[in-house]
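# Overview (structure and organization)
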Amino acid sequence: MFTASGVLALLPSLATRRPVFHSEADLQHALAWEVQVARPELRVRLETRPVPGVHLDLLFTDTTDGDSLAVELKYLTDRWEGEVEGEKFALLRQGAQDIRGYDCVKDIGRVERVVTDGYARSGLVLVISNEPSYWRAPSHGRATNAAAFRLHDGLVLSGSRAWGPNTGAGTMAGGRTAPVDLRGTYSLAWQDYAKLPGPRGVFRYLAVSVPPLV
């Protein structure tokens, strides 16, 4: 059986080889490659469609027992420019942390659905970022419309996650209107991934493991 812990065990070697990525697609390909090389008995698939209207970034299937692990990825970047082993990188500042947070929580709900429907036995949502506002709790102490979609260290996600009453239509555009109803309870803990020179050179990851759901 290949589980989320199997992916996380490979992150140190991935970080040594690939401490930074050009894009989310680059991360997706690099992680798939890392897993396939380390675990050749796995069947690795990208961009599968488990049910109509649902896309899945990665699906790892253990051919020895048939169990699958569903994986969703998010690469949330702030501006960083540098060179790694002769390769130049120029990351963009994405901003819109409230929208990105919603998308991450929605990914957890999507993976739960995939597991509940039996397409995979368990799941993982993996977020890599060099933007500290994702892992640091806000210091102002005020309630905000995006409070349900924060991802900071030590937070617990569970139940129905919805926008606050004064959320603008623009924030909820692009299919972000509906609340996300989570079946599980998830304690968020960020871990170091890689450290590169310059401002915003610290990359951390958040791993949310979705267990078998019955």
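As the structure is a computational prediction, the values presented were derived from the model and not from experiment.

Quick notes on the rules
Residues numbered from 1 in each chain as written. Predicted model: local features only at pLDDT ≥ 70, side-chain atom pairs only at ≥ 80, totals over all residues. Heavy atoms only, no water. Axes fitted to C-alpha atoms, helices over the stretch in contact; angles between N-to-C directions. Helix = DSSP H or I, 4+ residues; strand = E, 2+ residues; numbered from the N terminus. Parallel < 35°, antiparallel > 145°, perpendicular 65-115°, else oblique. Left-handed = near helix turned anticlockwise from the far one by under 90°. Contact = heavy atoms within 4.5 Å. Phe/Tyr/Trp six-rings, centres within 6.5 Å; stacked < 30°, edge-to-face > 60°. Buried < 20%, exposed > 50% of the residue type's maximum accessible area, 1.4 Å probe, protein only. 1 Å grid on protein atoms, 1.4 Å probe; cavity = no way out; pocket = protein on both sides within 12 Å on 5 of 7 lines; lining within 4 Å. Points joined across faces, edges and corners; volume = space filled by probe spheres on them. Nonpolar A, V, L, I, M, F, W, Y, C, P; charged D, E, K, R; others polar.

## Regarding the packing of helix α1 (residues 4-17) against helix α2 (residues 24-38)
Contact geometry of α1 with α2 gives a least axis separation of 10 Å together with a crossing angle of 115°. Looking at the two axes, α1 sits roughly perpendicular to α2. Both α1 and α2 take part in a crossing whose hand is right-handed. Only Ala-30, Leu-31, Trp-33, Glu-34, Val-35 and Ala-38 of α2 make contact with α1, whose side of the interface consists of Val-7, Leu-10, Leu-11, Ser-13, Leu-14 and Arg-17.

## Observations concerning the packing of aromatic side chains
If you walk through the whole model with that rule in mind, you get eight aromatic pairs. Here Phe-21 and Tyr-75 contribute two aromatic rings whose centre-to-centre distance is 5.7 Å and whose plane-to-plane angle is 85°, an arrangement assigned as edge-to-face. One end of the pair, Phe-21, is in the loop between α1 and α2; the other, Tyr-75, is in strand β3 (residues 68-76), with 54 residues separating them in the sequence. By relative accessible area, which is 3% here, Tyr-75 ends up buried. A centroid spacing of 4.8 Å and a plane angle of 65° characterise the contact between Tyr-102 and Phe-149, whose relative ring orientation is edge-to-face. Taken together, the residues span a long stretch of sequence, with Tyr-102 in helix α3 (residues 97-116) and Phe-149 in the loop between β6 (122-129) and β7 (156-161) at a distance of 47 residues. An identical accessibility class is assigned to Tyr-102 and Phe-149; each is buried.

## A short note on the layout of surface pockets
Empty space within the largest pocket amounts to approximately 160 Å³. Taken together, Gly-53, Val-54, His-55, Leu-56, Asp-57, Glu-72, Lys-106, Gly-109, Arg-110 and Arg-113 form the lining of the largest pocket. Of all the secondary structure elements, the ones that give two or more residues to the lining of the largest pocket are β2 (54-62) and α3. Considering only residue class, the lining of the largest pocket consists of two nonpolar, three polar and five charged.

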